[in-house]
Amino acid sequence: MAALGSISLVSAFVLACYGLIASVVAIRQKLGDLVYSARNALLGMFGLVTLAGLTLIAGFLSHNYELQYVAEHSSNEMPPVYVIAAFYSGQQGSLLYWCWTLAIFSALVVWLSWKANRALMPYVTGVLCAMESFFLFLLAFIQSPFATLPFHVQDGNGLNPVLQDKGMLIHPPMMLMGYMSWSIPFAFGIAALLSGRLDFQWLRSIRRWTLAAFCIQSAGLILGAWWAYHVLGWGGYWGWDPVENAAFMPWLAGTAFLHSVMVQERRGMLKVWNLTLIMLAYLLAVFGTFIVRSGVLTSVHAFAQSSIGPYFFGWLAISIAVSVGLLVWRLPRLQGDSQFESLVSREASFLFNNWLLIGVIVAVFSGTVFPIISEAVRGEKITVGPPFFGAVNGPIFLALMVTMGIGPLLPWRRASRGLFVRNFLKPLSITAAALVLMVALGTRNPGAVLGYTACVFVMATLVFEFYRGTLARRRVTGKSTLAALGDLFVHHNRRYGGYLVHVGLVVAAVAIVGSQFYQLQRQVSLEPGQTASIGKYQLTFQGLTTTKDAEKTTTSATLTLPDGSAIHPGKSVWLRDDKNPTSEIVIRSTPFEDLYVVLSDWSPDKSVATLLLFVNPMVTWLWFGGIIVVIGTFVTAWPHQSASGGPRTAPRPAPAVREKELVTA
Amino acid sequence: MISAKLKFAIAGLVLAVAVGYLIFNSVSTSAEYYMTVGELKAKAPAIYSQNVRVAGLVDGASIEKDARAGTLKFTAEDSSGKLPVVYKGGAVPDIFGPGIQVVVEGKYAPDGTFQADNLLAQCPSKYEDSVQPPAS
């Protein structure tokens, strides 16, 4: 089994190298047959990596402890789903997972995008093979998941109990795939630069790939937040930890790209900028992997310092050098077709959105690497914590919300004063009314007032967009209001799917503002019969009970609420691994707030329990917002159905007319 | 009439300055020194007013929990010295215990104790656990 896995990886490495060389030769010598040979090498590589992946899964399922990786990460009595999840729980396995998903995406690229991009594909194939050869080199020669143990063991080490949670089944694979998926747009970008085919075609080809990356990474981030909130027991969902930041930055760059690319599509501007952004997304993904794996930064996430740090650093350096070099080389061919005319226009609002997103990236990046830089410059290691990120990003997020509200209502090129007033009078009136209402109701926290005002503004503009779109559609087609609204998603899915993503972000923002500014938190030590209160809740401690089952010993506190119901926060100590207890957190969710109770500690005689109590407002909205974002991305990525039926092939016809139609509706 | 280009340049500059100011300002208010126990002791008394982070291993014999008062006392040690820590912050990480690598955030007090208001534990990584040969 070890031999089969190792041989597949080495052969896959050879095929990837061949695919790279064949692509280069085919391009230089203009050999059409060799292009197909490179493509077949890529597909063969996909087959071999799949074989290696399945071999490792088989190794886990058959408890083959001859494999060191299997012995280190699984054990006999672990449930089968977690045995499979152990695949990506360690260094080698997660590298193989990354390599495998990239191979799957690469195969999909040559399968789905070949016809539409005949001229680009030899280059794309070469870049994808280069990327895969890097991972396969690491897997085959440096960090093999198929290394064997020199002795025989009866049982493996098992997986850390905190990882044996259903979140483990979906968050890490989603997150790793999110990182990986920025490779595809990057490969197209490099291919476009190399080939000199810098027209809009390559951007159109990667639209869905970029949306897929955005969607996967959004889901990964929100699942990570969900897992942290429901399992780790510190009352929050986001802690600006280096690992979280590393995952957030490529998402920001990709989000900026998805907006600015529309400016290039419409007006032929920002060509260099778009290439820079899509490269930045990939480079940040590699950078994230590097800092997480190299041990350069300390993080609460348990990644060991490992020998692959320098390799990732090397790969990052090569990727940066190639990206910058190609960009500079092709600069003369990347002149814009037109120029910005007014600060108050759609394209300008996209540009501001981009600048702000870059601002967030700069802030997050500098905060994350601050310890390294301060140590290098001043010889002192200085860290900045969550307050730094909150203080810097809060105002930028607020500005982003404002551009999110204004942008979609502005026309391309320039807005006339009359149009400006027409489009914004109603949303602004609603916003002003909401602001007055909030203050009248006693909201005094300036951050919360500004945040919620921005939420109302964006939501109001979105509702008006949907309203006007529906009316226009109803008038044109004569359908009912509801059918007309549905039509918007079917026939103008790009636009209204995007709006749906915005709706999701506003819903998430409501949760973030609420939990950021109105979280209640207290620690109490209670004897049986004593009552603690937090917010509107009163909790009476009844005592501690201990239960045992085959896997763990659980100590639970019984707390009763005035309505007679009881909650049982507890802590479990696992037989296999008594150093890693897990918290059994109690979360009582309501639409507007969560009561979150953690049993923190107890006295040896069990007469006193220490509890952490939180009231987290609006957190449920975060999960709904995340779901809406994912759905919206699907809608916007769905193959377009024009009103006359059939997929759209030509560029959007006469957009100005439609704009006018919507405005005057 | 100012050209559009100039307007955009000004807007970009304003934004860059604003972000730069935010970063600079927040660093100066939320920066924490990351020190070893030895460095911390060497910097007393100047360090008393400063928020710092210190990493160390928990000495198992030193752990004193007072569930009633909600305090946790222990000694953190590294190669450069020992530091008695008093923690009243609340959440104690699940894995806190003897021999665990912790990071404490707070202030060094004149009485020689470290008054921590945050306690972080580094997960003992599964990746570093090597499989031991079975005892014969």
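Since we're looking at a predicted model, the values are computed, not measured.

If you tally the helices and strands in chain A, you get 20 helices and eleven strands. Taking 2.2 N^0.38 as the reference for a compact globule, 665 residues should give roughly 26 Å; the C-alpha atoms of chain A span a radius of gyration of 27 Å, in line with that estimate. In terms of principal-axis extent, the alpha carbons of chain A reach across some 75 × 70 × 60 Å. Within the span of chain A, comprising 665 residues, buried residues form 51% of the whole. When contacts within chain A are restricted to residue pairs at least 6 apart in sequence, long-range pairs at least 24 apart make up 72% of them.

Next up on the list: the domain arrangement of chain B. What the domain assignment lists for chain B is domain 1 (1-31) and domain 2 (32-125). Centre-to-centre, using C-alpha coordinates, domain 1 of chain B lies 39 Å away from domain 2 of chain B.

Residue and element names in this part refer to chain A. A rise of 1.5 Å per residue sets the reference length of helix H14 (residues 386-406), with its 21 residues, at 30 Å; its end C-alpha atoms lie 29 Å apart and thus fit the reference within 8%. Bending of H14 peaks at approximately 35 degrees at the position of Asn393, with proline Pro395 no more than four residues after it. All buried positions along H14 are accounted for by Phe388, Phe389, Val392, Asn393, Ile396, Ala399, Leu400, Met401, Thr403, Met404, Gly405 and Ile406.

In this section: helix H8 (residues 183-195) of chain A. Residues and elements named next belong to chain A. The end-to-end C-alpha distance of H8 is 18 Å, a good match for the 18 Å that 13 residues give at a rise of 1.5 Å each. Counting buried positions along H8 gives twelve out of 13 residues, so the element sits mostly inside the fold. Inspection of H8 places Ser183, Ile184, Pro185, Phe186, Ala187, Phe188, Gly189, Ile190, Ala191, Ala192, Leu193 and Leu194 among the buried residues, and these make up the whole buried set. Within two residues after H8, Gly196 carries a phi angle of roughly 80 degrees, on the positive side.

Residues and elements named next belong to chain A. Overall, antiparallel pairing links the four strands, which are arranged S2-S11-S10-S9 in an open sheet. Two strands close off the open sheet at either side, each with one partner strand: strand S2 (520-526) and strand S9 (586-589). Neighbour to neighbour, the strand axes of the sheet diverge by 15 degrees on average, direction disregarded. In the sheet, strand S10 (residues 593-602) pairs with strand S11 (residues 609-617) via nine bridges, with the strands oriented antiparallel. Paired with Leu595 across the strands is Val615, a residue of S11.

Reading guide: rules and limits
- Residues numbered from 1 in each chain as written.
- Chains lettered and ligands numbered in written order.
- Predicted model: local features only at pLDDT ≥ 70, side-chain atom pairs only at ≥ 80, totals over all residues.
- Helix = DSSP H or I, 4+ residues; strand = E, 2+ residues; numbered from the N terminus.
- Rg over C-alpha atoms; globule rule 2.2 N^0.38 Å.
- Buried ≥ 20, exposed ≤ 12 C-beta atoms within 10 Å, placed from the backbone.
- Contact = placed C-beta atoms within 7 Å.
- Domains from an automatic or database assignment.
- Expected span 1.5 Å × (residues − 1).
- Bend = angle between axes of the 7 residues up to and from the residue.
- Pairing = 2+ DSSP bridges.
- Axes fitted to C-alpha atoms, helices over the stretch in contact; angles between N-to-C directions.

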